[in-house]
Amino acid sequence: MDIGSTIRAIRKRKNITIAQICEETGLSQGFMSQVETNKTSPSISTLDNIASALSVPLTYLLMKKDERMTIVRKDDRNVTTSGIEKLKVEHLSSTRGMRMMLVELPPGASTGAAPHAHKGEESHLVIQGKIIAEQGEDSAVLEAGDSFSWNASTPHRVTNVSDGISIVLISVYTGSEEDLEQEYL
């Protein structure tokens, strides 16, 4: 873990001096310097005091870099196509067992000729158009602003029934990063 570098970066970003941290925590400047250069590992209690002085949650200091917020800019999205109908899929974001996609379905297009199933849970928001969502014996017509969710291990399919492009925001939760590599549409 690189807690010291995280502490230093937060302190500098907030324009807080080592002396100010020490005044608030009662720690010596030499000790704080060793903490920031990762030459010593402070106790959880000491880290909690430092976190309070920096006005950040203790858990933030303990997070690994890959556990923190990630940003995908609109122009940097990975765009792929899926299935026979070549649905446009914009990969918006993903984190530890969950990913979010924006899917464009041309008029009459569906997520497959037959319903399909996979591991996980899905939540959907219809952004534009009109679709039919089918799962098992259930089906519903949904329009822009409507949302739905389901357990993806039951066969399901989405079909665009509008005259124009339908756009659906989909969040898939599988619980593991490895399962996110499979095709969901």
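Going by the structure above, here's the rest.
In this report, the structure presented in the accompanying data block is examined. (Residues numbered from 1 in each chain as written. Predicted model: local features only at pLDDT ≥ 70, side-chain atom pairs only at ≥ 80, totals over all residues. Heavy atoms only, no water.)

### Side note on unusual backbone geometry
Rule in force here: The way it works is that DSSP assigns letters per residue, a run of H or I at least four long becomes a helix, a run of E at least two long becomes a strand, and they are numbered from the N terminus. Think of it in three bands: with a 1.4 Å probe and only protein chains considered, a residue is buried below 20% of the maximum accessible area for its type, exposed above 50%, and partly exposed in between.
Its identity is not glycine, yet Lys86 carries a phi of approximately 55 degrees, on the positive side. Mapped onto the elements of the fold, Lys86 is located in the loop between strand 1 (78-82) and strand 2 (87-95). Since its relative accessible area comes to 56%, Lys86 is described here as exposed. A positive phi angle, near 20 degrees, is found at Arg96, a position not held by glycine. Locating Arg96 in the fold gives a position in the loop between strand 2 and strand 3 (98-105).

### Examining helix 4 (residues 44-54)
Each α-helix winds once per 3.6 residues, and so residues spaced three or four apart point in a common direction. We apply this condition: Read the arc as the range of directions from the helix axis to the C-beta atoms.
Within helix 4 the residues assigned to the buried category are Thr46, Leu47, Ile50, Ala51, Ala53 and Leu54. Looking straight down helix 4, one finds that the buried residues subtend no more than 160 degrees of arc, so they occupy a single side. Summarising the geometry of helix 4, the exposed residues directed more than 90 degrees from the buried face are Ile44 and Ser45.

### Points about the pattern of salt bridges
Note the cut-off: Think of a salt bridge as a Lys or Arg side-chain nitrogen and an Asp or Glu carboxyl oxygen that are within 4 Å of each other.
Enumeration over the complete set of coordinates arrives at 7 salt bridges. Arg8 is paired through a salt bridge with Glu36; the nearest N and O atoms lie 3.8 Å apart. Placement of Arg8 in helix 1 (residues 3-13) and of Glu36 in helix 3 (residues 29-36) is noted, with a sequence separation of 28 residues between them. Across the salt bridge formed by Glu67 and Arg96, the nearest N and O atoms sit 3.1 Å from each other. Pair noted here: Glu67 is in the loop between helix 5 (58-62) and strand 1 and Arg96 is in the loop between strand 2 and strand 3, with a separation of 29 residues, a long-range link.

### Re the sheet that holds strand 6 (residues 138-143)
For clarity, the threshold we go by: By the convention used here, strands pair only if DSSP detects at least 2 bridges between them. Lines fitted to C-alpha atoms define the axes, with helix axes restricted to the stretch in contact, and inter-axis angles between N-to-C directions lie between 0 and 180 degrees.
Strand order in the open sheet made by the 3 strands is 6-5-8, with antiparallel pairing throughout. The sheet is open, and its two borders are formed by strand 6 and strand 8 (156-160), each paired with just one other strand. Pairs of neighbouring strands in the sheet enclose a mean axial angle of 20 degrees, with direction left out of account. Across 5 bridges, the pairing between strand 5 (residues 130-135) and strand 8 is antiparallel. Note on strand 8: the bridge partner recorded for Gln135 is His156.

### Quick look at the packing of aromatic side chains
The way to describe two aromatic rings as a pair is by their centre distance and the angle between their planes. Counted only if it meets this: For Phe, Tyr and Trp, where Trp contributes only its six-membered ring, two rings pair if their centres lie within 6.5 Å, and the inter-plane angle classes them as stacked under 30 degrees, edge-to-face over 60, or tilted in between. Definition used: whenever NZ (Lys) or CZ (Arg) falls within 6 Å of the ring centre and also within 35 degrees of the ring normal, the charge is taken to sit over that ring.
Scanning the model with the defined rule gives 1 aromatic pair in all. Here the aromatic rings of Phe148 and Trp150 are separated by 5.0 Å at their centres, their planes lie at 65 degrees, and the arrangement is edge-to-face. The residues Phe148 and Trp150 share a single accessibility class, namely buried. Stacked on the ring of Tyr60, the Lys or Arg Arg68 has its end atom at 4.6 Å from the ring centre.

### Comments concerning the packing of helix 2 (residues 18-25) against helix 3
Helix packing for two helices is described by the angle between their axes and how far apart those axes are. Cut-off, in case you're wondering: Angles below 35 degrees are treated as roughly parallel, those above 145 as roughly antiparallel, those between 65 and 115 as roughly perpendicular, and all remaining angles as oblique. Less than a right angle of anticlockwise turn of the near helix away from the far helix marks a crossing as left-handed, whereas a clockwise turn marks it as right-handed. The contact rule is simple, with two residues in contact once any of their heavy atoms fall within 4.5 Å. Residue classes follow a fixed rule: Ala, Val, Leu, Ile, Met, Phe, Trp, Tyr, Cys and Pro count as nonpolar, while Asp, Glu, Lys and Arg count as charged, and any other residue, Gly among them, counts as polar.
Contact geometry of helix 2 with helix 3 gives a least axis separation of 9 Å together with a crossing angle of 115 degrees. Of the possible angle classes, the one that applies to helix 2 and helix 3 is roughly perpendicular. At the point where helix 2 passes helix 3, the crossing takes the right-handed sense. Residue-level inspection shows Ile18, Ala19, Ile21 and Cys22 of helix 2 in contact with helix 3, the latter providing Gln29, Met32 and Glu36. Along the lines of polarity and charge, the residues of the contact of helix 2 with helix 3 split into 5 nonpolar, 1 polar and 1 charged.

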